[in-house]
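Okay, here's what each chain looks like letter by letter:
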Amino acid sequence: MTRASFDALATRLTESPTTLSERELLESSHWSLGEDARLREDLRFRETPWGRWMLAEDLAANDTVYRWLHAEKRGSAVLAAALKRASDLFNRRCVFCAGDPRFVLRREEVHLAASELSRQPVIEDAVGELEKYRTHLPLHSLKAAAASEPAGEWGKRAQDQLLETLGWVRVTLPGRRLNGRMFIAAIEGHSMDDGKSGLVDGGYAVFELWPSGTKQNLSVLVRGAFSDPETGSYAVKKYVADQRDAEGRHNRVSLVSLNPNKERYPNIELQPEDDDITVVAKVVQALSTDDYERRPKAKPRVGRRNLTGHEGLNEQATRLSRRVASFFDGTTPEEADDDANAATSTGWQTRLVCLDVAAGGLQLELGPLDGLPPFVKKLRVVGEAGWDGFVLAANARTRPTRVPVRPGTGPWRWEAVGFEEEQDLGVERLALDALDASGPSVFRVDADGVGQRIKGATLALGQTYRLLLPADVGVELGTELHGGWRVWSLDLAAQLSPTTRQMLTSLGLDVGEAWPRIEWALAPPSAWRTNARGESYPVFDVGTELLVKVDGISVDEGDEAVLFLHGPSGTERLPLSAGGLVSLGTPVAGRWAFALMHSRTSVQPSTLVFEVAEHAAQHIAASWTAAAPNGFASLEVTAPPGWPVSLRWRVIASHEESLATLYANDDRTIPVEGVTSIIDARAARDRIADLVIDFGELGRRSIPHDGRVSLKQVREQLTALWQQCSGQVQSRTGAWLQLMPVWFKPFTALLGYGIQELKMPPGADAPHDLTAWLLTVDERMLNSITRSPSRVLVLTTNIDAVLRDCRAWIDSACTASRVRDAIVTDGTRWTAHRKGSQQLKQQVWNLDQAVGLGSVDDMLSDLAEGL
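Residues numbered from 1 in each chain as written. Predicted model: local features only at pLDDT ≥ 70, side-chain atom pairs only at ≥ 80, totals over all residues. Heavy atoms only, no water.

Student: For this particular structure, what's the right way to read the confidence of the model for the protein?
Tutor: In regions of low pLDDT, the predicted coordinates are not meant to be interpreted in detail. The predicted model of the protein averages 85 in pLDDT, with 94% of residues at 70 or higher. Looking across the protein, the model is least confident in helix H6 (residues 158-162), with a mean pLDDT of 75, and most confident in strand S5 (residues 94-95), with 96. (pLDDT = per-residue confidence, 0-100. Helix = DSSP H or I, 4+ residues; strand = E, 2+ residues; numbered from the N terminus.)

Here it is as C-alpha cells:
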C-alpha cells in the first residue's frame, strides 16, 4: 500500500461538503481487495469528534452552525449557504459532519435534531408574496381574530388589511391546500384538551376565517355575549345546536368543552335570540410539531428549572407523570426526577424512622412483605448487646409495621420465629447496618409527623427535623434515649438563631435554601389508602373542591415559584394566592399530583400525590370498643381483625400528636401493651389532655386525662430535677437555648406551665443579656381544652440589675402577652414581678437553698399555677 493509493480519497473529500465514514472511503478501494488500510496512517486525514473523516486542513463547521441557529432562533439552514458563510468567516474551507447527533441532514438542508427543538414555531417577520398562503400562514392571536369583522366579500388581501399579523410560519398540511382565509393561532386554556383533539393549551392550530356552510359539531372560534372562565367573551369550543324550527332557526346552542372536567371547564349554553354570537373561524387542523418548522430549544441554565412557556409546562408534565407512575405503579423514577418524595424503596427492606421521643423515638419499619409465606406467624429482629424485638407477620404482610429500637444496638437482622433454619424465606433481605456513631443521623419530619431518614448534610429552611445524636456528639443537646443517644427536634420554620446555626455547624451540618411546604386544607380526604410500598395517600370523592395551603415560599429577584396540577385532564399551572390558600377545583376521577416548583434546582420541589374516586368513602358496619375504667393502665381496645387504629395525644383542640398506629389481631384485640409506657410518659408531662382513639371510618373515642399532681409530688420531682441539673444550670448561665430543653421546660412544666416563644412588638428589642418567653396554662372547658397566656418568663444573668433597671421592658413584655405577672430567673434564683409594680425589695428564691432548707413549698405558692 502506497501513499498514492490514498490520493483519490483526498480528492473525494475535497469535493464533498460533508465528512465521510472510513468505510465509505476505503471499502471499494482497499478493504474489498484484502488490504488492511487505515486513514490514520496518512496525515492528510483527520477524524472528527463524531467518528467520521475529513481533510486535516479543513474545518468542521458544526459548532458554528449550531450557535447560529440558536442565536437566530431557526431550526434549519441551507447547507451550502451555511458552509459558505462559515468559510468566509474563518477564511478556510469548512465542511459539515453528518455524524453529529445534534443535526439531521435532509437533502440540501441541515436541521437541528428533534431533541434540540422546542414546540415553538419559527416566526418570520416577512415572507415573499409567492410564499404567503402557499407555504406560509400568518400567525394571529385568538383575541385579535375574534375581534375581526368581514369586509364585504372576503378577498385575497382582506386578512392582511383587517388583522395585525404577528409573523409568518412555514406550515405543511398533508393533503390540503392553503388559502387566504387560513391563519395560525395558539390555543388558550385547557377546555378543549381531551387527550385526543390536539387542542392543548399553548399548542398551535390552523383556523379558517368566516366559514360557510354548517358549523354543527365543528370546533370553532366563537365570540358573543358570554363569559368563558379562561378567555372571556370569546372561546374555542365545539359548536352543537338543536334541530332548526319551522322558520329555520336554532332555539338552543351549546358551546361544548371537550375536557371531561366540567366543573372547571363548563359548557356554555346560549339562546340565539338573546345572545349576539358569531362564529368567527373554524378549526381546520391542530398542528403537531411535525407540521411546522420549530425554533431551537432554549439552552438550560445551570442550577435552574424551566417553568415558563409551553416547554416548561411540558417538562413538568413529564416529571409529574413519572412521579405518579412511580408512586402508584411502583416504577423506578428516572435520575433526573429531583422530587425528594419520589421513594424507590420496596416493602422488602428495613427502614429507620424517628418519631417524637414520647411516641417511641427511633423505630425499625418494614413491610408490606408481599409473598411472605402464610405459615410464618411472627418475625423477630435481633441486634447487638442482646437486644431483640417482635412483630406479627400478619401485620407485616399487608402494611408497614414498626418496632421501637435502641439506636446503639445495630446492625440488625430478622428471622422467622420457628423457621430460623429456612433458607429461602427472603428475610435476609431485611438486614440493616448499624447507625454511624461518629456523627448525627438526620430525619426530616413529614406531614404525618414521622421523621424520614435522609442522606446529605444540608438542612432546608422551612422544614422540621429530628437529629439522632450519638453519645459523644453534640453533648447535652436534645432528649436522651438509650445508651447516651439523644434526639434533638429542630423546627427550621422559625427564624434560625446564630447559636443554633453554630451548633449545626459543629455537628457538620449546613442550612441551605428554604423548601416550600404544601398541605391539605379545609376539605378532609374521604379515605386514606396505601400504595405497594406502604406509603399512604388521600382519596377524595368526585365533586369535592380541593384546597391546599402553601407556605414557606421565598422568591428572590429573578426567581419564581410555580404551581402545577397534573392528572387525567392534563397538566396546568395554577396561580399562587396571596393568602396561601390555593383551590385545585373539583378534579375528575383518577390519579393526580400537585407540585410547587422553584426555578432554582437547589430548592427542593414539594409534591402532593392523591386520588379522586367515585364513592371514595367506605361505609363499614363493624363494631369496636375503647375503655379505660381504671386509668390508662387498664386501656382495652377492640376492632375488626386487621383494622388500623390510631392513638393520638391531644392537648389542645387544634393539635393532635400521633403516638402509634396499631392493627387488630385475629381475636379483635388491639395490642396496646407496647404503647402504655408512651401514654404514661405523656400523661406525666401534660396535666390536662385527651387520649384520642381513632378507628377511621368507624369513628373515634376520646378518653380525658386530668392529671393534676399534688404539692408533695411536685416537691419531690422538683428536688430530683434540681439534683440532676444543678451543676449544668449554674455553670451555663446565659446559655438559654441549651438549658431550655433540659431545665427550663421541665421546670416550668412542674410549675404548671407550657412555654412558647414570645413575639415582642417592633422596636421593643430586649436589653443585652435578657430574653423572654411566654408561659401558658391549659384548662378544660365544656369538654374541650383551651390554652391561654398566664405569665412571662424573663431569663437573665443578673436578677438584681434587671429588677432595678429593666422593669419598664418587663412591663412591655407583659403588655405584649396580655398578662399581669412575670417570673424573672437566672436559672437558680427565681422571683415574681407584677406589671406596674415599683417595689424594689421582693422575695427572691434561691433554688439551691430552698431545696436544701426544705422551703420549696413557699416558693411554689408564689410561682406555680394550679397547685
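From this point, the discussion proceeds with the structure in view.
Student: What exactly am I supposed to notice about a negative patch on the surface here?
Tutor: Residues Glu420, Glu421, Glu422, Asp424 and Glu428 make up a contiguous surface patch of negative charge. Mapped onto the secondary structure, Glu428 falls in the loop between strand S24 (413-416) and strand S25 (441-445). (Patch = residues over 30% accessible without salt bridge, like charges linked within 9 Å, V, L, I, M, F, W, Y side chains within 5 Å. Areas by Shrake-Rupley, 256 points an atom, 1.4 Å probe, with all protein chains shown as cover. Salt bridge = Lys/Arg side-chain N within 4 Å of Asp/Glu carboxyl O. Lys, Arg positive; Asp, Glu negative; His and termini not counted. Charge placed at Lys NZ, Arg CZ, Asp CG, Glu CD.)

Student: Even after reading the chapter, I still don't get unusual backbone geometry, so can you show me in this structure?
Tutor: Leave glycine aside and you will find that most residues have negative phi; peptide bonds, for their part, are mostly trans. For the peptide bond that leads from Gly367 to Pro368, omega is 0 degrees, which places it in the cis range. Positionally, Pro368 belongs in the loop between strand S20 (362-366) and strand S21 (378-382). The phi dihedral of Asn217 falls on the positive side, at around 65 degrees, and the residue is not glycine. Along the chain, Asn217 turns up in the loop between strand S12 (204-209) and strand S13 (219-228). Despite not being glycine, Leu522 has its phi angle at roughly 65 degrees, a positive value. Accessibility expressed as a relative area gives 67% for Leu522, which makes it exposed. (Buried < 20%, exposed > 50% of the residue type's maximum accessible area, 1.4 Å probe, protein only.)

Student: Quick question: what am I supposed to make of the nonpolar core here?
Tutor: When a protein is soluble and globular, its nonpolar side chains tend to lie buried together. Ranked by size, the top nonpolar core spans 34 residues in total, and within it Leu718, Trp743, Phe744, Phe747, Leu793, Trp830 and Leu847 carry the most contacts. Of all the elements in the fold, those that place two or more residues in this core are helix H11 (711-731), helix H12 (736-750), strand S48 (770-781), strand S49 (784-796), strand S51 (829-834), helix H15 (847-853) and helix H16 (856-863). (Core = buried A, V, L, I, M, F, W, Y, C linked by side-chain atoms within 4.5 Å.)

Student: Explain the packing of helix H3 (residues 62-72) against helix H4 (residues 79-90) here, please?
Tutor: Packed helix pairs are specified by the crossing angle of their axes together with the interaxial distance, meaning the distance between the axes. Contact geometry for H3 and H4: axes closest at 10 Å, N-to-C directions at 110 degrees. Comparing the axis directions of H3 and H4 gives the class roughly perpendicular. Contacts between H3 and H4 pair Thr64, Val65, Trp68 and Glu72 from the former with Ala82, Arg85, Ala86, Leu89 and Phe90 from the latter. Residue classes in the contact of H3 with H4 are distributed as 6 nonpolar, 1 polar and 2 charged. (Axes fitted to C-alpha atoms, helices over the stretch in contact; angles between N-to-C directions. Parallel < 35°, antiparallel > 145°, perpendicular 65-115°, else oblique. Contact = heavy atoms within 4.5 Å. Nonpolar A, V, L, I, M, F, W, Y, C, P; charged D, E, K, R; others polar.)

Student: Help me understand H12, please; the structure alone is not making it clear to me.
Tutor: With 15 residues, H12 should reach 21 Å at 1.5 Å per residue; the first-to-last C-alpha distance of 18 Å falls well below that figure. The principal kink in H12, of about 40 degrees, is found at Val742, preceding the proline Pro746 by one to four residues. Those residues of H12 lying buried are Trp736, Leu739, Met740, Val742, Trp743, Phe744, Phe747, Thr748 and Leu750. Backbone geometry just after H12 places Gly752 at a positive phi near 100 degrees. (Expected span 1.5 Å × (residues − 1). Bend = angle between axes of the 7 residues up to and from the residue.)

Student: It is not clear to me how the environment of Arg600 should be interpreted in this structure. Could you clarify?
Tutor: Its location among the elements puts Arg600 in the loop between strand S39 (590-598) and strand S40 (606-613). Overall, Arg600 belongs to the buried group, its relative accessible area being 13%. Expressed as a C-alpha distance, the spacing of Arg600 and Val302, which sit 298 residues apart in the sequence, is 9.1 Å. Side chain to side chain, Arg600 and Asp559 meet in a polar contact 3.0 Å long. (Polar contact = N/O pair within 3.5 Å; in protein donor to acceptor, adjacent residues only side chain to side chain.)

Student: Please clarify how the sheet that holds strand S6 (residues 103-106) should be interpreted in this entry.
Tutor: The pairing of strands in a sheet comes from backbone hydrogen bonds and takes either a parallel or an antiparallel form. Strand order in the open sheet made by the 3 strands is S4-S7-S6, with antiparallel pairing throughout. With one partner strand each, in any of the chains shown, strand S4 (76-78) and S6 form the two edges of the open sheet. Mean inter-strand twist for the sheet, computed between neighbouring axes without regard to direction, equals 20 degrees. The pairing of S6 with strand S7 (residues 109-112) spans 4 bridges and is classified as antiparallel. Bridging across to S7, Arg106 finds its partner in Glu109. Sheet contacts for H3: S4, S6 and S7; angle to S6, the most-contacted strand, approximately 95 degrees. Against the sheet, H4 contacts S4, S6 and S7, and its axis sits at roughly 80 degrees relative to S4. (Pairing = 2+ DSSP bridges.)

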